[in-house]
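# Remarks on the overall topology
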2 protein chains.
Amino acid sequence: MSRARTLAGPALHRARRYARGDLGADLLAAVIVTIMLIPQSLAYAMLAGLPPQVGLYASILPLLAYALLGTSRTLAVGPVAIVSLMTAAAIGQIGVAGGPQHLAAAAMLALMSGAMLLAMGALRLGFIANFLSHPVISGFITAAGLLIAASQIRHLLGTSGGGTTLPQIAAALLREAGAVNPVTLATGAAVLSFLIWSRRGLPAVLARAGLPRRASAIAAKAAPIAAVAATIALAEALDFAARGVALVGAIPQGLPPLALPLLPLELIAALALPAFLISLIGFVESVSVAQTLAARRRQRIEPNRELIGLGAANLAAGLSSGYPVTGGLARSAVNFDAGAQTQAAGGFTAAGIALAALFLTPYLGALPQATLAAIIIVAVLSLVDLPAIARVFAYSRSDFAAMAATMVLTLLAGVEWGLIAGVTLSLLLYLYRTSKPHIAVVGQVPQTEHYRNIDRHKVLTSPNVLSIRIDESLYFANSRYLEDRIAALVAERPALRHVVLMCSAVNFIDASALESLEEINRRLGEAAIRLHLSEVKGPVMDRLARTDFLTHLSGEVFLSQHEACRHCGAAI
Amino acid sequence: MSRARTLAGPALHRARRYARGDLGADLLAAVIVTIMLIPQSLAYAMLAGLPPQVGLYASILPLLAYALLGTSRTLAVGPVAIVSLMTAAAIGQIGVAGGPQHLAAAAMLALMSGAMLLAMGALRLGFIANFLSHPVISGFITAAGLLIAASQIRHLLGTSGGGTTLPQIAAALLREAGAVNPVTLATGAAVLSFLIWSRRGLPAVLARAGLPRRASAIAAKAAPIAAVAATIALAEALDFAARGVALVGAIPQGLPPLALPLLPLELIAALALPAFLISLIGFVESVSVAQTLAARRRQRIEPNRELIGLGAANLAAGLSSGYPVTGGLARSAVNFDAGAQTQAAGGFTAAGIALAALFLTPYLGALPQATLAAIIIVAVLSLVDLPAIARVFAYSRSDFAAMAATMVLTLLAGVEWGLIAGVTLSLLLYLYRTSKPHIAVVGQVPQTEHYRNIDRHKVLTSPNVLSIRIDESLYFANSRYLEDRIAALVAERPALRHVVLMCSAVNFIDASALESLEEINRRLGEAAIRLHLSEVKGPVMDRLARTDFLTHLSGEVFLSQHEACRHCGAAI
């Protein structure tokens, strides 16, 4: 399918080709996702420290915007756990919780994140997300999952006082340990047990009751809304409000108010870094979900177009009193499994949530917060991936160091510090590794034209010729190290007449390294030793040919190491 | 010469071996360097915005400290132009110029820089300096030289108002253009002309007068002190003070007062970044001078010991009312040429400056500031290296971008922003380059076992086998790019049965890239294509063997690309 290049192009094109069969499938998927999204959007708004209606608002226009501009057919956009936690950390200190400035800050965060995503998409900067290494992302998600679960314990206990780091949360729990509300605890524990059971036990029960296997699995996703309905009924019947159980409280009825969030300039500046980190994490989470689902049906998504779709969704969230959104894994998987065929499913879901905002809100006020906390805890525990930590530890200590720093700082100092530390450390460790490259002295494998490390293979060498293979590109951070190593290797070999640098692993030589090579050539020349190069890659050779290095070079450049050694009399 | 491992070891050891012949040579060199250093220390203190005696103080105890702990025999430590400019930028806003808090800030900067250098030496972190690429250093030095020269123009004109960036300096000059003092201008222009002439003309005149060539060259280094003496005499004779010529003014007589600088904590925190940048630049400047001079006499210096020596010198500067110091190029070259044999020459120079502080200071008050400005301008113009800019531009656009950013920001926003931008940009450009690695499809060079890029060489290929050479280590920033490229290459080749990844240039595979390889292997497997690896380096293979990747791998690992192709039936 060829795709028009204008922004509205894909949506128009799709609308014209939209088939009758797809309509039914998309409608069914939308109903199921709506049922799943209503409790989630209330729960994640609570996690973000925002009133419940903000979660509903973030699940209407953003979904429409993504349906128009996104490239994934099955990605379900909306509030997600990790971005909600990051929102809580970013705006927690701004204004009174739930007050106008606090709400404006949440919407502004979405607006800024949307603008950043759109800018990254327009400038085709999607590759920036590649600088988050897998261990850093995986460590961050695990730590954030643990942090979110810990932050919800107080809602299960009915105590007050929160926090955005593990020490803050633990201190608040200890301080308030005497104030546990038994009715809240009982409700929370019951919902938690039901939801955990519903993940495995409920589909089995439904299947035994005669429902087809796939339908049972999907119907089990309605467990949270069942828990919501049941606990609302219980709260009304037993007058939970009088028993000190924290309820969601009155929710304004109606569609999201459209407004440009207004904040003083210095607050906007303070939100820039959190907005950038939210954009990055939201994009990485969303793209990996979308790619996984697209690959299952042999479809493709385009990361730079995804930035546009996600940016538009966040812009819509910012302008309709919402907060930052992205594509969620669990919800998208349900959408996919329920048979969604096109982006229209997202549009229908938006309509479903709009109906809920118009007609269901009066009934939601009596919902116990403990129910939402249990929904959050069950949702985020699937994010915690402890075996991944063991795998990374076994494979690479430096990857593990970056992962551990991310996790420890996320838990102890908060999500922003954790991410920044992880990214910085993984980049620094990479630079450190390339600054001390592996340099092998090589010799000829007998009866072949191959040259291998003398420490690992039985090879032939000559006292007149030193063949060195440099296992790294040469650039500023390692050029001095190369000078030192060659000086040391040469000092050990008094009979030396030729040094051959085997450049098969040298992918570029920057200006600093070129100066170092000139210096090495000059110093070897003073000691009557000739410097040769072998197996220089095409692009590197092109670049060297633009300088006068090759005319100064005391030796020659050979196509292969074998030719070089034959020339120097070290091989036949 | 074996060296004791304690800090005082080298000095004691050297003292015991100190030869009579060295004493004479070191004394002569010390006299010449002292004559050169007196005007320089006054001038650089003025450049740093400090009273002249601070320059003398920074040239006494720091020299002794370096003589005891440094490893270069000929490095001459003391105030230098670039570090003085950086000091001016760092402390310009603290306290009243020349007041107690301003002086304490200068000493504190030296103290902090000394502590940082000592810590880097103790932790063997000298390699940190390698992250300053040559183009960034060279661009920074050129821009700083221009900035220093521009900052001194007002002293030549006799106008007031300064600045630490080119726009500030230019604005001040324009604003004060009407206030030029003709006597100052005449003095400055005369000294400037004399000093420029003295660099080439004076040695020739002295040689013609019968002085040996080398002695003439060294004697010409006394030109600045001759200019100082002459303009002091002129200022006294013609009563320059009454004619509105800015003079150095009264200088306190005596040795440097020892004191621990005291500052409020928030000012100390604000000095941390400048102190770090001064340490880095001072170390790089000093080490490259010391290495150049050591290599000429086949001696060696040890970078991590240099950190200790330089750290001790700055600590001494901080405790004796001075400001940051480092090894200077011009001064060290004079010390070397004058025949200095050991670190004792530095100790004797310290004694010479101490005598000057005790007995010469009453005569220096009448020195016109224009003389010092002319000395500074002549000294820094040799730092400006415009051909280096052209060389870097011709060789590498990305190195040039880092160099240009360093220069532009140094001139327009100040030294700190220039350095930070240069370092950051050179690191980001390196990461960007490695994030889109060169990936070549290779084929067999006929009648050989060599495999080369099909776009650059006439080679043999088979429709069943795709051989890909990856010219970069595989890590988080490029692993997704690899997935995309392989998917695209495979999609073009319907008859494909085997993909061989030629890993001769892959120096490591991190945990993110390992996951990508597993994903590539899985996807190719679904399309009934086997994935093979060839020419995997020893350390990379060791690491892969620690995981279960090799058991999942649908194909095999071959020692050479030729073996792999023979196995797949693509070569004989």
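Please refer to the structure higher up on the page.
Residues numbered from 1 in each chain as written. Chains lettered and ligands numbered in written order. Predicted model: local features only at pLDDT ≥ 70, side-chain atom pairs only at ≥ 80, totals over all residues. Heavy atoms only, no water.

Turning our attention to helix α6 (residues 100-122) of chain A. Given a rise of 1.5 Å per residue, 23 residues ought to cover 33 Å, and the 33 Å separating the end C-alpha atoms of α6(A) matches this to within 8%. Just downstream of α6(A), A:Arg124 is the residue with a positive phi angle, here 55°. (Helix = DSSP H or I, 4+ residues; strand = E, 2+ residues; numbered from the N terminus. Expected span 1.5 Å × (residues − 1).)

With that out of the way, let us pick up the pairing of strand β5 (residues 465-470) of chain A. All names here are of chain A. Within β5, 6 of the 6 residues are buried, leaving the element largely enclosed by the surrounding structure. A two-sided burial pattern is seen for β5, the buried positions comprising Val465, Ser467 and Arg469 on one face and Leu466, Ile468 and Ile470 on the other. Across 3 bridges, strand β3 (residues 439-444) lies against β5 in antiparallel orientation. Considered in β5, the bridge of Ile439 is made with Ile470. (Buried < 20%, exposed > 50% of the residue type's maximum accessible area, 1.4 Å probe, protein only. Pairing = 2+ DSSP bridges.)

In this complex, chain B contributes 58 residues to the contact, which on the side of chain A involves 58 residues. Taken together, both faces of the contact between chain B and chain A bury some 5500 Å²; the carbon and sulfur share is 55%. Our count for the chain B to chain A interface comes out at 4 salt bridges. The partner of A:Asp471 in a salt bridge is B:Lys537, with the nearest N and O atoms 3.1 Å apart. In this assembly, chain B and chain A are joined by 26 residue pairs in polar contact (both at pLDDT 80 or more). At 8 residues, the largest contribution of residues to the side of chain B that touches chain A is made by helix α19 (residues 415-435) of chain B. Among the residues making up the side of chain B that touches chain A, the classes are represented as 22 nonpolar, 19 polar and 17 charged. (Contact = heavy atoms within 4.5 Å. Buried area = accessible area lost by both parts, 1.4 Å probe. Salt bridge = Lys/Arg side-chain N within 4 Å of Asp/Glu carboxyl O. Polar contact = N/O pair within 3.5 Å; in protein donor to acceptor, adjacent residues only side chain to side chain. Nonpolar A, V, L, I, M, F, W, Y, C, P; charged D, E, K, R; others polar.)

This part is about helix α9 (residues 182-208) of chain A. All names here are of chain A. At Ser198, α9 shows its maximal bend, which comes to roughly 65°. Among all positions of α9, only Thr184, Thr187, Gly188, Val191, Leu192, Leu195, Ser198, Gly201, Leu202 and Pro203 are buried. Lining the buried residues of α9 we find α7 (134-157), α10 (213-219), α11 (223-237) and α17 (369-381). The distance from a side-chain oxygen at the start of α9 to the backbone nitrogen of Val183 is 3.0 Å, and the residue carrying that oxygen is Asn181. Directly beyond the C-terminal end of α9, a positive phi value near 105° is found at Gly210. (Bend = angle between axes of the 7 residues up to and from the residue.)

Together, A:Glu449, A:Glu563, B:Glu449 and B:Glu563 give the surface a local cluster of negative charge. Of note, A:Glu449 is situated in the loop between β3 and β4 (451-453). (Patch = residues over 30% accessible without salt bridge, like charges linked within 9 Å, V, L, I, M, F, W, Y side chains within 5 Å. Areas by Shrake-Rupley, 256 points an atom, 1.4 Å probe, with all protein chains shown as cover. Lys, Arg positive; Asp, Glu negative; His and termini not counted. Charge placed at Lys NZ, Arg CZ, Asp CG, Glu CD.)

Functional significance is not addressed by these values, which are geometric in nature.
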